[in-house]
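Each chain, letter by letter, is given below.
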Amino acid sequence: MDPVVIPILVAALVVVFLVAATVRIVPQARRYNIERFGRYRRTLQPGLNFILPVADRVNTKLDVREQVYSSDPKPVITEDNLVVNIDTVLYYQITDPRAAAYEVADYLQAIDQLTVTTLRNVIGSMDLEGTLTSREEINARLRAVLDDATGKWGIRVNRVEIKAIDPPNTIKEAMEKQMRAERDKRAAILHAEGERQAKILTAEGTKQKDILEAQGTQQAMILRADGESKAVELVFQAVHRNNADAKVLAYKYLETLPHLAQSDNNTFWVIPGELTEAIRTVTTAFGDQSAGAGPSVSTERADTAASADVADGDKDNVGAPEIEPNSTLALDAVAAADEAAKQAAAAVSDAKAEAEAAGETRVPGRRPDTAGS
């Protein structure tokens, strides 16, 4: 080998080493701390940078992006002397690479320990229920304390979140029982309210039903009374318009008497005092049909019996005599009633014939005489 080539190769290798030792390329979102002879010199920014070989060296390489640090669960005692395990999540960012490298030896451990102590101070003033329901307050107090303490370390704490709060198993069981009891209580209250509302609605419905039924009964009675009143009025007008005589009225009177004894509640029957008068009217009215005979013997005997009763001083029973079953008056009354029934049939036929004849001979446009005329 040529002796001149060897020095050239050595010089080239030295130049390459010097260039490699001089040039530093820093990636984006990275920061390099440079020391010269063991003393901090400067922080290299992203891009191409030059340093003095041998004299300068890179001490720390830091990532200035926002990072997430999740700590292990830490036991914390609450105000009511319950131990709970709290797991936190920390979001931080390096703002000063020099302070992060030279102000604290291990900033992650320092942040973790500061978080634990702050949690114990904050939660130590709260009971378990307040701890479980005051996460926002705990997060805000943690962030304020950590941001103030880590500012001089060149670190900014952006957010602190409590990931989990785990009370002891016995406390969990007690909390579950309490929640179950609260749910049962609410269910019982809702059930009672439902039954109360149902009873109220049922009572209201029953009340409305009774009212409507009473109103319906009242209306029915009113309509029935109006119908009966109109029926009676029509009958009254028909009787007076057709000018019914005493024969028809006496027959209808005798025809109505048997209905008085048809009730099951009647134990005896008192014959009205007008019976003899009605029988006399019927028999005398159709006296012409009995071959010119005088007043019937039955009528005379009935009048004689009634006069005898009055003569004996039984004035209270005048108009309503009671007939003994085996007396001669009872037999005469029965015979007279039979005779009156036979004669009443003929009287009805005669009354219908007379009514038809009167209707044919009535003058058109002339109103019949009424009872009030």
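Residues numbered from 1 in each chain as written. Predicted model: local features only at pLDDT ≥ 70, side-chain atom pairs only at ≥ 80, totals over all residues. Heavy atoms only, no water.

Caption draft 1: View of the pairing of strand β7 (residues 74–77). Burial of the side chains of β7 is restricted to one face: Lys74 and Val76 are buried, whereas none of Pro75 and Ile77 on the reverse face is. Pairing of β7 with strand β8 (residues 83–94) involves four bridges; the strand directions are antiparallel. Considered in β8, the bridge of Val76 is made with Val84. If you look at the hairpin formed by β7 and β8, you'll find five residues sitting between the two strands, and Asn81 has a positive phi there, around 60°. (Buried < 20%, exposed > 50% of the residue type's maximum accessible area, 1.4 Å probe, protein only. Helix = DSSP H or I, 4+ residues; strand = E, 2+ residues; numbered from the N terminus. Pairing = 2+ DSSP bridges.)

Caption draft 2: Local environment of the pattern of salt bridges. Tallied over the entire structure, the rule returns nine salt bridges. Put simply, Glu35 and Arg57 hold a salt bridge, and the shortest N to O gap is 3.0 Å. Highlighted residues: Glu35 in strand β2 (residues 30–36) and Arg57 in strand β5 (residues 56–63), separated in sequence by 22 residues. A relative accessible area of 6% places Glu35 in the buried class. A salt bridge links Arg196 to Glu193; the nearest nitrogen and oxygen atoms lie 3.8 Å apart. Within this pair, Arg196 and its partner Glu193 are both found in helix α6 (residues 169–242), separated by three residues, close to a single helical turn. Residues participating in the shared-partner salt-bridge network are Arg30, Asp63 and Arg65. (Salt bridge = Lys/Arg side-chain N within 4 Å of Asp/Glu carboxyl O.)

Caption draft 3: Fine view of the sheet that holds β2. Across the sheet, three strands lie side by side as β3-β2-β5; this open sheet has antiparallel pairing. The outermost strands of the open sheet, each flanked by one partner alone, are β3 (39–44) and β5. Taken pair by pair, the neighbouring strands of this sheet meet at an average axis angle of 25°, ignoring direction. Note: β2 against β5, seven bridges, orientation antiparallel. In the strand pairing of β5, Asn33 is matched with Thr60. (Axes fitted to C-alpha atoms, helices over the stretch in contact; angles between N-to-C directions.)

Caption draft 4: Main features of the nonpolar core. One finds Ile86, Leu90, Ile138 and Ile155 to be the most contacted residues of the largest nonpolar core, which totals 29 residues. For this core, the secondary structure elements donating two or more residues are β8, α3 (107–123), α5 (135–150) and β9 (155–166). Per-element tally for this core: the top contributor is α3, with seven residues. In this structure, Val26, Tyr32, Leu44 and Ile51 belong to the second largest nonpolar core, which totals five residues. (Core = buried A, V, L, I, M, F, W, Y, C linked by side-chain atoms within 4.5 Å.)

Caption draft 5: Expanded view of a nonpolar patch on the surface. A surface patch of nonpolar side chains, amounting to about 440 Å² of accessible area, comprises Ile6, Val10, Val14, Phe17 and Leu18. Examined against the element boundaries, Val10 turns out to sit in helix α1 (residues 5–22). Using a relative accessible area of 46% as the deciding quantity, one classes Val10 as partly exposed. (Patch = residues over 30% accessible without salt bridge, like charges linked within 9 Å, V, L, I, M, F, W, Y side chains within 5 Å. Areas by Shrake-Rupley, 256 points an atom, 1.4 Å probe, with all protein chains shown as cover.)

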